[in-house]
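Topology and contacts: notes
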Amino acid sequence: MNAVREVSLTINAAHLFVYFVPEAPEEAARLGVSEDGPAYFALRAAPMGPVPWQITLAAFYNFSPRSVQTMTGVWDTATPQQWQAARFTAVDRAVRRVGVHLTPDRIAEARSLIDPVVECADYAGKTMAAANASVPLPADPLVALWQQITVLREWRGDAHFTVLGAHDIGPCDCNVLQTATGHFPEAIARATRLWNDEEVAAATTRLAARGWLHPDGTATEAGIAARDQIENETDERCAALWTPIGDANVRRLTSLILPIHDAFTEARTYPFHVDTGAAR
């Protein structure tokens, strides 16, 4: 399970830059969308096709309806295929700008490990992972590797939402618990998920009734333990995902893709610390 946690954290860390680099909004602006919210939803939801915002809301889980509704009209501005191409262009530009140092041999080795995982994965109930797995890989080897990483990042996210639902933790509640336990900056959560003060207060009350938060919104020991249990259960659901390559190769894959995160961290891409576990 340690290997599963490490590779999950590193997969997330290697994928995450796309939401913080300037190249993504620049490419969105070229398609006629200059607002961050609609651009984010269009770029990330593009693999699902021209779905209405309600389906994106369901697939993304932890955003408020008012935040996702801002994407209305993005498919009229450009097709999902154009949005996906723009995302790949943004990734390509960004990795070149920060100088991600992955040799062709390392990229090929990483693909030899990650491709069987993507191919053998069970996509039942994994909406975002399945959608990304259906996207044709781009020609650039590093961007193609990043897309395979994206499939597995979304796979764990889909599994995580199933665990949240099983524990009756709703979309706003999971945001409040995540910020209260120090795993996501509250300012970013509030600015991007757009839950209002009344909704956050109601979620805080519900979580306090479960003994997970103090009335002032800070986490209790039980709340911290509950959050850890949710992550552990998510790891358990992900364990079978990595069976095709085994623990040793899981750790090898982790070390191979870690330089992607390192390069963007050195470029001061993130306004917060991104955890990679004990991957080093």
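Report on the accompanying structure. (Residues numbered from 1 in each chain as written. Predicted model: local features only at pLDDT ≥ 70, side-chain atom pairs only at ≥ 80, totals over all residues. Heavy atoms only, no water.)

The nonpolar side chains of soluble globular proteins are, as a tendency, buried together. Among the nonpolar cores identified, the biggest contains 48 residues, and F17, W242, I260 and F264 are the most heavily contacted of them. For this core, the leading source of residues is helix α10 (residues 141-166), giving nine residues. The contact partners of F264, leaving out residues within four places of it in the chain, are F17, V21, A94, V95, V98, V100, T269 and Y270. Residues A45, L57, V74 and W75 belong to the second largest nonpolar core, which totals 27 residues. (Core = buried A, V, L, I, M, F, W, Y, C linked by side-chain atoms within 4.5 Å. Buried < 20%, exposed > 50% of the residue type's maximum accessible area, 1.4 Å probe, protein only. Helix = DSSP H or I, 4+ residues; strand = E, 2+ residues; numbered from the N terminus. Contact = heavy atoms within 4.5 Å.)

What follows covers the side chain of R156. Counting through the fold element by element, R156 comes out in helix α10. At 2.8 Å, the side chain of R156 forms a polar contact with the side chain of D235. With residues near it in sequence (within four places) discarded, R156 still touches R5, S8, E231, T234, D235 and C238. (Polar contact = N/O pair within 3.5 Å; in protein donor to acceptor, adjacent residues only side chain to side chain.)

Interaxial distance between helix α1 (residues 2-15) and helix α15 (residues 246-266) falls to 9 Å at its minimum, and their mutual angle equals 25°. With respect to each other, α1 and α15 are oriented roughly parallel. Crossing hand, α1 versus α15: left-handed. On α15, the residues that touch N2, A3, E6, V7, T10, I11, A13 and A14 of α1 are D247, V250, R251, L253, T254, I257, L258, I260 and H261. A breakdown of the residues in the contact of α1 with α15 according to their chemical character gives 10 nonpolar, four polar and three charged. (Axes fitted to C-alpha atoms, helices over the stretch in contact; angles between N-to-C directions. Parallel < 35°, antiparallel > 145°, perpendicular 65-115°, else oblique. Left-handed = near helix turned anticlockwise from the far one by under 90°. Nonpolar A, V, L, I, M, F, W, Y, C, P; charged D, E, K, R; others polar.)

Scanning the entire structure with this criterion turns up 18 salt bridges. Taking the shortest distance from any N to any O, the salt bridge between R97 and E23 comes out at 2.4 Å. Of this pair, R97 sits in helix α7 (residues 80-98) while E23 sits in helix α2 (residues 23-30); the two residues are 74 residues apart in sequence, bridging distant segments of the chain. Owing to a relative accessible area of 45%, R97 belongs among the partly exposed residues under this scheme. The salt bridge involving E27 is made with R30; its shortest N-O contact spans 2.6 Å. Taken together, the positions of E27 and R30, both in helix α2 and three residues apart, correspond to about one turn of that helix. Judged by its relative accessible area of 8%, E27 falls in the buried class. (Salt bridge = Lys/Arg side-chain N within 4 Å of Asp/Glu carboxyl O.)

Let us now look at helix α8 (residues 104-120). Given 3.6 residues per helical turn, the α-helix brings residues three or four places apart onto the same face. Between its first and last C-alpha atoms α8 spans 24 Å; for 17 residues at 1.5 Å apiece the expected length is 24 Å, and the two agree. Maximum bend of α8: about 25°, positioned at I114, with proline P116 one to four residues after it. Those residues of α8 that fall on the buried side of the exposure criterion are I107, A110, L113, I114, V117 and V118. (Expected span 1.5 Å × (residues − 1). Bend = angle between axes of the 7 residues up to and from the residue.)

For the rest of this paragraph, the subject is the packing of aromatic side chains. Within a pair of aromatic rings, the relevant descriptors are the distance that separates the centres and the angle that separates the planes. Following the criterion strictly, the structure yields 14 aromatic pairs and no others. Taking 3.9 Å as the distance between ring centres and 5° as the angle between the ring planes, the aromatic pair formed by F17 and F264 counts as stacked. Of this pair, F17 sits in the loop between α1 and α2 while F264 sits in helix α15, and the two are 247 residues apart along the sequence. Like F17, the residue F264 is buried in the burial classification. For the pair F20 and Y270, a centre-to-centre distance of 5.6 Å together with 75° between the ring planes defines the contact as edge-to-face. Of this pair, F20 sits in the loop between α1 and α2 while Y270 sits in the segment after α15; the two residues are 250 residues apart in sequence, bridging distant segments of the chain. Judged by its relative accessible area of 27%, F20 falls in the partly exposed class. The ring centre of F60 lies 4.2 Å from the NZ or CZ of R44, which sits over that ring. We note K126 situated over the ring of W155; from NZ or CZ to the ring centre the distance is 4.6 Å. (Phe/Tyr/Trp six-rings, centres within 6.5 Å; stacked < 30°, edge-to-face > 60°. Lys NZ or Arg CZ within 6 Å of the ring centre and 35° of its normal.)

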